[in-house]
Amino acid sequence: MRIWMIAASVLMMVSCATEPVYRTEFPPPVKAPESEASSLLVVELIAYTSGQRGTAVSRMMENLPEAGFYPVVIGPGGKEITFSNYDISPNSGMVFYRENLSPGVYTLIGFRYLWLSEKDMTLMPPQHQYFDGQRAAPWQQTKLLALRRVVPIYLKPGTVESLGRYTIYYTHLGADEDPYRLQGWRYRRTEPANKHVLSVMKHWHTASWTKWNARNAARIIR
(Lines give C-alpha, C1' and ligand atoms only; values in the text may rest on other atoms or scores of the structure.)
Protein backbone atom coordinates (compact mmCIF):
# COMPACT_ATOMS: atom_id res chain seq x y z
CA MET A 1 0.00 0.00 0.00
CA ARG A 2 2.78 2.41 0.96
CA ILE A 3 4.68 1.59 -2.27
CA TRP A 4 1.52 2.36 -4.31
CA MET A 5 1.07 5.71 -2.56
CA ILE A 6 4.71 6.66 -3.21
CA ALA A 7 4.36 5.69 -6.87
CA ALA A 8 1.15 7.74 -7.17
CA SER A 9 2.83 10.76 -5.59
CA VAL A 10 5.77 10.54 -7.99
CA LEU A 11 3.39 10.23 -10.96
CA MET A 12 1.48 13.31 -9.80
CA MET A 13 4.68 15.35 -9.45
CA VAL A 14 5.80 14.31 -12.93
CA SER A 15 2.44 15.19 -14.46
CA CYS A 16 2.48 18.62 -12.76
CA ALA A 17 6.01 19.23 -13.90
CA THR A 18 5.13 18.43 -17.52
CA GLU A 19 1.89 20.44 -17.53
CA PRO A 20 2.12 23.30 -20.08
CA VAL A 21 3.08 26.60 -18.49
CA TYR A 22 1.31 28.69 -21.11
CA ARG A 23 -2.42 29.38 -20.76
CA THR A 24 -4.49 30.39 -23.78
CA GLU A 25 -5.27 34.08 -24.09
CA PHE A 26 -6.67 36.54 -26.60
CA PRO A 27 -3.88 38.87 -27.76
CA PRO A 28 -4.38 42.63 -27.95
CA PRO A 29 -4.67 44.49 -31.26
CA VAL A 30 -1.50 45.57 -33.04
CA LYS A 31 -0.71 47.19 -36.38
CA ALA A 32 1.29 45.19 -38.90
CA PRO A 33 4.92 46.15 -39.61
CA GLU A 34 5.05 49.15 -41.92
CA SER A 35 8.46 48.30 -43.39
CA GLU A 36 11.35 45.88 -43.08
CA ALA A 37 13.06 48.32 -40.68
CA SER A 38 10.04 48.71 -38.36
CA SER A 39 10.55 47.41 -34.83
CA LEU A 40 8.44 46.70 -31.75
CA LEU A 41 9.35 47.48 -28.12
CA VAL A 42 7.72 46.00 -25.02
CA VAL A 43 7.96 46.43 -21.22
CA GLU A 44 6.50 44.12 -18.54
CA LEU A 45 5.35 45.38 -15.13
CA ILE A 46 4.06 43.51 -12.09
CA ALA A 47 2.53 45.86 -9.50
CA TYR A 48 0.94 44.58 -6.30
CA THR A 49 -0.12 45.86 -2.91
CA SER A 50 -0.64 44.39 0.57
CA GLY A 51 -1.98 40.84 0.66
CA GLN A 52 -1.52 40.23 -3.06
CA ARG A 53 2.00 38.79 -3.25
CA GLY A 54 2.06 35.47 -5.06
CA THR A 55 -1.63 35.62 -5.99
CA ALA A 56 -3.26 35.88 -9.42
CA VAL A 57 -4.26 39.43 -8.53
CA SER A 58 -0.61 40.45 -8.22
CA ARG A 59 0.00 39.41 -11.83
CA MET A 60 -3.21 40.73 -13.38
CA MET A 61 -3.68 44.25 -12.05
CA GLU A 62 -5.88 46.27 -14.41
CA ASN A 63 -5.18 49.90 -15.17
CA LEU A 64 -8.41 51.85 -14.60
CA PRO A 65 -9.34 55.55 -15.01
CA GLU A 66 -9.01 56.09 -11.25
CA ALA A 67 -5.53 54.53 -10.88
CA GLY A 68 -2.83 52.90 -12.99
CA PHE A 69 0.83 52.55 -13.97
CA TYR A 70 2.60 53.47 -17.19
CA PRO A 71 6.24 53.18 -18.39
CA VAL A 72 8.16 56.37 -19.09
CA VAL A 73 10.41 55.68 -22.07
CA ILE A 74 12.36 58.40 -23.88
CA GLY A 75 13.12 57.72 -27.51
CA PRO A 76 15.34 59.29 -30.16
CA GLY A 77 15.11 63.07 -30.11
CA GLY A 78 14.10 63.14 -26.43
CA LYS A 79 10.41 62.43 -27.03
CA GLU A 80 8.40 60.20 -24.69
CA ILE A 81 7.07 57.09 -26.40
CA THR A 82 3.37 56.24 -26.38
CA PHE A 83 2.51 52.63 -25.46
CA SER A 84 -0.58 50.46 -25.71
CA ASN A 85 -1.28 48.41 -22.58
CA TYR A 86 -2.54 44.85 -22.18
CA ASP A 87 -3.46 44.11 -18.57
CA ILE A 88 -5.24 40.76 -18.62
CA SER A 89 -2.58 38.25 -19.66
CA PRO A 90 -2.67 35.09 -17.48
CA ASN A 91 0.95 34.44 -18.46
CA SER A 92 2.66 37.71 -17.57
CA GLY A 93 2.29 40.99 -15.75
CA MET A 94 1.01 44.15 -17.43
CA VAL A 95 2.33 44.36 -20.99
CA PHE A 96 3.12 47.74 -22.57
CA TYR A 97 4.01 47.63 -26.25
CA ARG A 98 4.61 49.98 -29.16
CA GLU A 99 4.88 48.87 -32.75
CA ASN A 100 6.49 50.48 -35.82
CA LEU A 101 9.31 52.25 -34.04
CA SER A 102 12.38 53.46 -35.90
CA PRO A 103 15.86 52.24 -34.91
CA GLY A 104 17.65 54.11 -32.14
CA VAL A 105 18.21 54.34 -28.40
CA TYR A 106 15.17 54.04 -26.12
CA THR A 107 15.59 54.65 -22.39
CA LEU A 108 13.26 53.52 -19.59
CA ILE A 109 13.52 56.01 -16.70
CA GLY A 110 10.77 54.56 -14.52
CA PHE A 111 7.00 54.23 -14.30
CA ARG A 112 4.39 56.89 -13.90
CA TYR A 113 1.57 56.32 -11.41
CA LEU A 114 -1.67 58.13 -12.22
CA TRP A 115 -4.66 58.45 -9.91
CA LEU A 116 -7.83 60.37 -9.12
CA SER A 117 -9.07 61.64 -5.78
CA GLU A 118 -12.78 61.62 -4.92
CA LYS A 119 -12.94 65.26 -6.03
CA ASP A 120 -11.05 64.47 -9.23
CA MET A 121 -13.64 61.82 -10.12
CA THR A 122 -16.42 64.41 -10.06
CA LEU A 123 -14.42 66.64 -12.43
CA MET A 124 -13.56 63.95 -14.97
CA PRO A 125 -15.75 64.28 -18.10
CA PRO A 126 -17.66 61.07 -18.93
CA GLN A 127 -16.10 60.87 -22.40
CA HIS A 128 -12.63 60.71 -20.80
CA GLN A 129 -13.32 57.85 -18.39
CA TYR A 130 -10.57 55.55 -19.62
CA PHE A 131 -6.93 54.95 -18.66
CA ASP A 132 -4.37 57.09 -20.47
CA GLY A 133 -0.81 56.91 -19.20
CA GLN A 134 0.29 60.10 -20.91
CA ARG A 135 -2.71 62.32 -20.40
CA ALA A 136 -2.06 65.61 -18.60
CA ALA A 137 -5.45 66.69 -17.27
CA PRO A 138 -6.60 68.91 -14.39
CA TRP A 139 -8.60 66.02 -12.92
CA GLN A 140 -5.64 63.61 -12.83
CA GLN A 141 -2.62 63.44 -10.51
CA THR A 142 0.71 61.80 -11.29
CA LYS A 143 3.90 60.64 -9.61
CA LEU A 144 7.08 59.42 -11.28
CA LEU A 145 8.48 56.22 -9.77
CA ALA A 146 12.02 56.69 -11.03
CA LEU A 147 14.48 53.83 -11.36
CA ARG A 148 17.81 54.21 -9.58
CA ARG A 149 19.49 53.46 -12.88
CA VAL A 150 17.85 54.18 -16.21
CA VAL A 151 17.66 51.31 -18.70
CA PRO A 152 18.75 52.11 -22.26
CA ILE A 153 18.40 49.79 -25.23
CA TYR A 154 19.45 50.17 -28.83
CA LEU A 155 16.52 49.04 -30.94
CA LYS A 156 17.84 47.50 -34.13
CA PRO A 157 15.94 47.68 -37.43
CA GLY A 158 13.33 44.98 -37.97
CA THR A 159 13.40 43.53 -34.43
CA VAL A 160 11.15 42.86 -31.45
CA GLU A 161 12.81 43.75 -28.14
CA SER A 162 12.02 44.05 -24.43
CA LEU A 163 13.16 46.63 -21.89
CA GLY A 164 12.70 43.95 -19.22
CA ARG A 165 10.43 43.03 -16.32
CA TYR A 166 9.89 45.21 -13.23
CA THR A 167 8.06 44.51 -9.98
CA ILE A 168 6.68 47.32 -7.82
CA TYR A 169 5.24 46.94 -4.34
CA TYR A 170 2.98 49.81 -3.29
CA THR A 171 0.43 50.82 -0.66
CA HIS A 172 -2.46 53.27 -0.91
CA LEU A 173 -3.17 56.08 1.51
CA GLY A 174 -6.72 54.76 1.82
CA ALA A 175 -8.19 58.08 2.98
CA ASP A 176 -11.85 58.60 2.09
CA GLU A 177 -11.14 61.73 0.04
CA ASP A 178 -8.02 60.39 -1.69
CA PRO A 179 -8.02 56.56 -1.53
CA TYR A 180 -5.68 55.93 -4.47
CA ARG A 181 -2.82 58.24 -3.48
CA LEU A 182 0.40 56.30 -2.90
CA GLN A 183 1.40 55.97 0.73
CA GLY A 184 4.56 54.06 -0.10
CA TRP A 185 6.24 52.21 -2.96
CA ARG A 186 9.48 50.49 -3.93
CA TYR A 187 10.91 48.36 -6.69
CA ARG A 188 11.07 44.77 -5.49
CA ARG A 189 12.80 43.60 -8.67
CA THR A 190 14.35 45.34 -11.64
CA GLU A 191 15.23 42.89 -14.42
CA PRO A 192 16.29 44.72 -17.60
CA ALA A 193 17.55 41.47 -19.15
CA ASN A 194 14.32 39.53 -18.51
CA LYS A 195 12.76 38.49 -21.85
CA HIS A 196 9.81 36.51 -20.44
CA VAL A 197 7.20 38.70 -22.09
CA LEU A 198 8.74 38.08 -25.52
CA SER A 199 8.24 34.32 -25.02
CA VAL A 200 4.61 34.95 -24.05
CA MET A 201 4.09 37.00 -27.20
CA LYS A 202 5.32 34.12 -29.38
CA HIS A 203 1.92 32.49 -28.72
CA TRP A 204 0.00 35.45 -30.16
CA HIS A 205 -1.11 34.21 -33.57
CA THR A 206 -3.36 36.88 -35.02
CA ALA A 207 -2.28 37.98 -38.50
CA SER A 208 -0.33 41.07 -37.41
CA TRP A 209 1.24 39.40 -34.37
CA THR A 210 2.43 36.53 -36.56
CA LYS A 211 4.32 39.05 -38.68
CA TRP A 212 5.88 40.64 -35.60
CA ASN A 213 6.78 37.26 -34.12
CA ALA A 214 8.73 36.45 -37.26
CA ARG A 215 11.08 39.16 -35.94
CA ASN A 216 10.89 37.95 -32.33
CA ALA A 217 13.96 35.86 -31.48
CA ALA A 218 12.69 34.65 -28.07
CA ARG A 219 11.97 31.00 -27.37
CA ILE A 220 8.34 30.02 -27.16
CA ILE A 221 6.92 28.84 -23.80
CA ARG A 222 5.87 25.20 -23.90
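What counts, and at which threshold
Residues numbered from 1 in each chain as written. Predicted model: local features only at pLDDT ≥ 70, side-chain atom pairs only at ≥ 80, totals over all residues. Heavy atoms only, no water. Helix = DSSP H or I, 4+ residues; strand = E, 2+ residues; numbered from the N terminus. Contact = heavy atoms within 4.5 Å. Buried < 20%, exposed > 50% of the residue type's maximum accessible area, 1.4 Å probe, protein only. Lys, Arg positive; Asp, Glu negative; His and termini not counted. Salt bridge = Lys/Arg side-chain N within 4 Å of Asp/Glu carboxyl O. Core = buried A, V, L, I, M, F, W, Y, C linked by side-chain atoms within 4.5 Å. Pairing = 2+ DSSP bridges. Axes fitted to C-alpha atoms, helices over the stretch in contact; angles between N-to-C directions. Phe/Tyr/Trp six-rings, centres within 6.5 Å; stacked < 30°, edge-to-face > 60°. pLDDT = per-residue confidence, 0-100.

With that settled, consider the environment of Leu-155. Summarising the element assignment, Leu-155 is placed in strand 6 (residues 141-155). Each C-alpha atom, one on Leu-155 and one on Leu-40, is 8.4 Å from the other, the two residues being 115 residues apart in sequence. Here Leu-155 is in contact with Ser-39, Leu-40, Leu-41, Leu-101, Ser-102, Pro-103, Gly-104, Tyr-106 and Glu-161, once residues within four sequence places are set aside.

You can see Lys-202 is positioned in the loop between helix 4 (196-201) and helix 5 (207-213). An unpaired buried charge is present at Lys-202: no salt bridge exists, and Glu-161, the closest side chain of opposite charge, is 12 Å distant.

What follows covers the nonpolar core. It is characteristic of soluble globular proteins that their nonpolar side chains tend to be buried jointly. Leu-45, Phe-69 and Leu-108 are the most contacted members of the largest nonpolar core, which has 32 residues in total. Of all the elements in the fold, those that place two or more residues in this core are strand 1 (39-48), strand 2 (67-74), strand 4 (94-101), strand 5 (104-115), strand 6, strand 7 (160-172) and strand 8 (182-191). Looking at this core, the element that brings in the most residues is strand 5, giving six residues. Residues contacting Leu-45, with those up to four places away along its chain left out, are Phe-69, Gly-93, Met-94, Phe-96, Phe-111, Tyr-166 and Ile-168.

Across the sheet, which stays open at both edges, the three strands sit in the order 2-5-6 with antiparallel pairing between neighbours. Strands at the two margins of the open sheet, each flanked by one partner only, are strand 2 and strand 6. Between one strand and the next, the sheet's axes are offset by a mean angle of 20°, whatever the strand orientation. Across eleven bridges, strand 5 lies against strand 6 in antiparallel orientation.

Judged by pairing direction, the sheet is mixed, and its five strands sit side by side in the order 3-4-1-7-8 without closing on themselves. If you trace the sheet from one side to the other, it starts and ends with strand 3 (84-86) and strand 8, each paired once. Averaged over all pairs of adjacent strands, the angle between strand axes in this sheet comes to 25°, irrespective of strand direction. Bridge count between strand 3 and strand 4: three bridges; the pairing is antiparallel. The residue of strand 4 that forms the bridge with Asn-85 is Phe-96.

Before going further, it helps to examine the packing of aromatic side chains. By the definition in use, this model includes eleven aromatic pairs. Summarising the aromatic geometry, the rings of Phe-69 and Tyr-113 are spaced 4.9 Å apart at their centres and angled 50° between planes, so their arrangement reads as tilted. Separated by 44 residues along the polypeptide, Phe-69 in strand 2 and Tyr-113 in strand 5 bring together distant segments of the chain. Given a relative accessible area of 0%, Tyr-113 falls into the buried group. One aromatic cluster is present, built from ring pairs that chain together Phe-69, Tyr-113, Trp-115 and Tyr-170.

Here the focus is the side chain of Thr-167. Examined against the element boundaries, Thr-167 turns out to sit in strand 7. Accessibility expressed as a relative area gives 10% for Thr-167, which makes it buried.

Quick look at the confidence of the model for the protein chain now. Per-residue pLDDT for the protein chain has a mean of 87; in total, 86% of the residues score no lower than 70. Across residues 1-20, where pLDDT falls below 50, the model places one contact with residues more than four positions away in sequence or in other chains.

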